[in-house]
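What the coordinates show
If you want the building blocks of each chain, they are given just below.
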Amino acid sequence: MELKLSEEQRMIIHNVRRFVREEIVPLERDLDPDAFELPAREQERLTAMVKAMGLYQMGIPKRYGGPGVDMITRTLAAEEMSQHRAGLYHPSYDVFGEEPPPPLFEATDYQRERYLLPLIRGEKRVFIGVTEPSGGSDPARAIQTKAVRDGDDWVINGSKMFNSWADRADFGLVFVRTNPKAGRQGISCFLVDTDTPGFVVKRLVHVLRSDYTTELAFEDMRVPATHLLGEEGQGFAIVNEWLTANRIPYSAVGIGVAVAAQKMAIEYAKHRETFGDVLANRQAIQWMLVDNELDIRTSRWLVLHAAQKADEGKPFRFEAAAAKVFATEAAGRVVDRSMQVHGGIGVTKDLPLERWYRELRIRRIGEGPSEVQRIIMARDLLSAAATSDLDSLI
Amino acid sequence: MALHLICCAKQVPDPETPAASFRIDPAAKKVVPAPGVAPVISPFDEQAVEVALKIKDARPDTKVTIISMGGASARDVVKHGLAMGADEGVLLDDPAFDGADAYQTAYALSQAVRKVGAFDAIFCGRQAADFDQGQVAIGLAELLGIPALINGQAAEFIDDRRVRFERVLPDGIGVFEAPTPVLTSYSQEVGQPRYPTLRNIMAAARKEITIWKSGDLGLDPAEFIPKTKLVDLYVPVYEGKCEIIEGENAADAGEKLALKLREAKII
Ligand SMILES: Cc1cc2nc3c(=O)[nH]c(=O)nc-3n(C[C@H](O)[C@H](O)[C@H](O)COP(=O)(O)OP(=O)(O)OC[C@H]3O[C@@H](n4cnc5c(N)ncnc54)[C@H](O)[C@@H]3O)c2cc1C
């Protein structure tokens with residue numbers, strides 16, 4: 001089987017590739033090796049360029065004025081956008097626009113005006129509040145933050161953990177328990193402004209990557225009932241559906257970094273001489289490069305399979321879980337081997353490998369850890385409706 | 001009056017290909033394409049397209065036609081030109097064109113330009129990024145019997161019949177005027193060519209391009225013969241030699257080094 005891209009898809013991807021190579025990579029020479037933001041002037045200049053190219057926020061549906069690009073193209077474009085030092089967590093420093101959380105596309109008119117449209121225009125930033133100190137793998141049980149109805153408001157008390165950008169965002173999608181007796185049907189999603197009284201950033205939580213996260217506390221925080229996103233009790237369904245869809249681009253970004261590492265390893269192996277010959281002529285090194293390639297190609301195949309199902313409007317939860325677990329683990333292996341090929345220089349901050357190495361470790365935990373993806377797959381495999389992969393391919 | 005501009009663009013191996021991947025086939029006297037690195041439009045040609053499109057930006061009824069001679073893969077060059085904003089694309093694709101020298105290329109292009117029809121100006125790169133011969137543009141002007149202005153950084157139409165052209169000189173800019181039709185060629189001083197927009201990419205993907213074989217161009221077999229022959233193609237071998245210059249002290253060693261360098265005519 002061969003992946004046949006249309007001329008249009010190829011041109012879009014080449015365009016993104018060239019942009020990253022010519023605009024993003026050269027900028028990184030002057031940035032701190034751990035930088036996750038561009039100087040404001042560069043950010044504005046490049047964002048304006050991407051907007052002029054019509055590639056800003058590619059995932060925004062046509063009805064919201066977006067280009068409505070299909071998932072396969074977005075997946076392959078994501079693979080290109082991430083091929084630079086900061087690419088894993090900030091592909092192309094977000095100049096292609098951060099996509100609004102898809103649940104916002106189902107918002108009420110009021111919510112759309114107040115949150116979605118400013119987000120699309122780049123005037124507001126958003127954070128996601130799912131995880132709590134009590135856990136993130138199993139939010140249906142772990143969420144303890146409580147919301148109690150009081151007149152036209154909900155009063156929210158509790159805490160959240162690992163909320164990236166919450167200290168810099170204008171609002172968040174915060175998942176809380178509105179009915180303690182209803183299990184996963186007792187969770188609801190609120191749109192919470194970060195300047196709401198009672199919204200407290202308790203501390204910045206520093207992690208393996210330079211871009212830290214936060215711990216939050218909600219102390220008698222009053223949120224108007226009009227800020228409930230979707231129906232009461234729908235919160236878990238919202239987060240589940242959204243995280244599933246996000247696993248596709250999330251995995252693709254990891255592949256991009258793996259591809260960049262593999263390119264570096266191949267180049268280095270061809271030049272570096274030891275014991276009188278280049279590394280590329282040593283079988284031990286060749287096999288590392290081959291294993292890298294196997295990891296990359298397998299990942300790409302899994303991710304594209306999930307993307308294709310998404311484009312066809314078919315269920316893709318199983319495929320997205322497979323892609324996420326394999327691609328994130330494989331990218332970690334690829335960067336690890338590429339580092340080994342480089343020897344000492346591989347662990348210096350002169351090269352991006354050490355940053356990718358650290359950051360990729362987080363990818364096996366964030367957005368649903370590997371174990372959770374395997375749980376999702378096992379459930380489907382063992383369920384009555386299980387089909388073999390060949391059945392699902394044809 | 002609507003202008004008609006013609007851009008000639010060649011497909012070349014990506015100049016960004018890592019040096020370690022550069023290979024030649026000495027027997028066939030050809031560069032072996034690096035696996036996994038897609039060929040691209042020659043950068044100077046892309047800059048020429050940019051100049052033509054700037055003229056079209058100012059005069060939107062301008063028609064820009066892009067012509068490329070090369071194998072089937074050169075279709076990507078034509079499509080790239082369309083995605084940048086050109087209106088029509090022509091691909092000259094025939095096994096007979098394989099290995100054409102600069103003269104044959106200029107001859108085939110001149111026939112294609114005649115077939116395309118009336119035009120006001122032709123835009124070429126100063127030289128192709130693969131063999132760097134810089135012959136085709138001036139050859140094409142000669143064969144068409146039109147003036148050529150080469151190595152430019154910008155051009156504009158003063159009126160419908162005259163072009164103003166900025167030529168890059170070693171120590172400045174020469175400003176020229178020429179009557180149309182005229183051929184112009186461009187260099188990196190044009191600056192960065194535009195990125196295709198999504199809308200133009202979609203339109204380019206749908207656009208049919210015209211494909212002409214050698215028979216369509218009415219090439220005279222007595223004329224379509226190479227004027228040059230590639231005798232040999234090889235990658236030079238560089239040898240590094242190291243000589244340590246010793247002296248009584250640093251100043252003495254420095255003096256001896258300076259003498260050595262002067263003897264070698266380096267300083
Ligand atoms: C840098 C960073 C940024 C983050 N950003 C955000 C954010 O913006 N918003 C947000 O809401 N969250 C965010 N998170 C949280 C992240 O989603 C959670 O860390 C993740 O969901 C795992 O939850 P946990 O850490 O509580 O681990 P736990 O749920 O406590 O699990 C601990 C370990 O046990 C494993 N495990 C759990 N259940 C099982 C089982 N049944 N069988 C076998 N193994 C199991 C897990 O896979 C995990 O490895 C971020 C995390 C990090 C590290």
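Definitions and cut-offs
Residues numbered from 1 in each chain as written. Chains lettered and ligands numbered in written order. Predicted model: local features only at pLDDT ≥ 70, side-chain atom pairs only at ≥ 80, totals over all residues. Heavy atoms only, no water. Near = heavy atom within 4 Å. Polar contact = N/O pair within 3.5 Å; in protein donor to acceptor, adjacent residues only side chain to side chain. Areas by Shrake-Rupley, 256 points an atom, 1.4 Å probe, with all protein chains shown as cover. Nonpolar A, V, L, I, M, F, W, Y, C, P; charged D, E, K, R; others polar. Domains from an automatic or database assignment. Buried area = accessible area lost by both parts, 1.4 Å probe. Salt bridge = Lys/Arg side-chain N within 4 Å of Asp/Glu carboxyl O. Phe/Tyr/Trp six-rings, centres within 6.5 Å; stacked < 30°, edge-to-face > 60°. Helix = DSSP H or I, 4+ residues; strand = E, 2+ residues; numbered from the N terminus. Buried < 20%, exposed > 50% of the residue type's maximum accessible area, 1.4 Å probe, protein only. Lys NZ or Arg CZ within 6 Å of the ring centre and 35° of its normal.

**Structural notes on the site of the ligand**
Residue and element names in this part refer to chain A. Around the ligand sit 18 residues in total, of which T131, G136, S137, F162 and E371 are the nearest. Between S137 and the ligand, the recorded distance is 2.6 Å, taken from a side-chain N or O atom to an oxygen atom. Here the ligand has 980 Å² of accessible area as a free molecule, and 64% of this is covered by the chains. Split by residue class, the shell around the ligand holds 7 nonpolar, 8 polar and 3 charged. Here the shell around the ligand spans two domains, and each of domain 2 (126-229) and domain 3 (237-393) adds at least three residues to it.

**Quick look at the domain arrangement of chain A**
Think of interface size as the accessible area that goes away when the parts come together; that is how it is often given. Residue and element names in this part refer to chain A. In terms of domain boundaries, chain A breaks down into domain 1 (7-105), domain 2 (126-229) and domain 3 (237-393). Domain 1 and domain 2 are separated by 29 Å when their C-alpha centres are compared. Both sides of the domain 1 and domain 2 interface together cover about 770 Å² of buried area, and 76% of this is carbon and sulfur. A per-residue breakdown of the area domain 1 buries against domain 2 is headed by F36, P101 and L104, which together make up 52% of the total. At the surface where domain 1 touches domain 2, the tally comes to 0 salt bridges. If you look at where domain 1 meets domain 2, you find 2 residue pairs in polar contact (both at pLDDT 80 or more). Residue classes in the side of domain 1 that touches domain 2 are distributed as 5 nonpolar, 1 polar and 2 charged.

**Some words on the packing of aromatic side chains**
Two numbers describe a pair of aromatic rings. These are the distance of the centres and the angle of the planes. Summed over the entire model, instances satisfying the criterion amount to 13 aromatic pairs over all chains. Seen from their ring centres, Y115 of chain A and F171 of chain A are 4.5 Å apart, and the 45° between their planes marks the pair as tilted. Placement of the pair is Y115 of chain A in helix α4 (residues 109-120) and F171 of chain A in strand β4 (residues 171-177), with a sequence separation of 56 residues. Judged by relative accessible area, which is 0%, F171 of chain A ranks as buried. An aromatic cluster of three or more residues is present, and its members are F97, Y103, Y107 and F224 of chain B. In this structure, R363 of chain A packs its charged tip against the face of Y250 of chain A, placed 3.7 Å from the ring centre.

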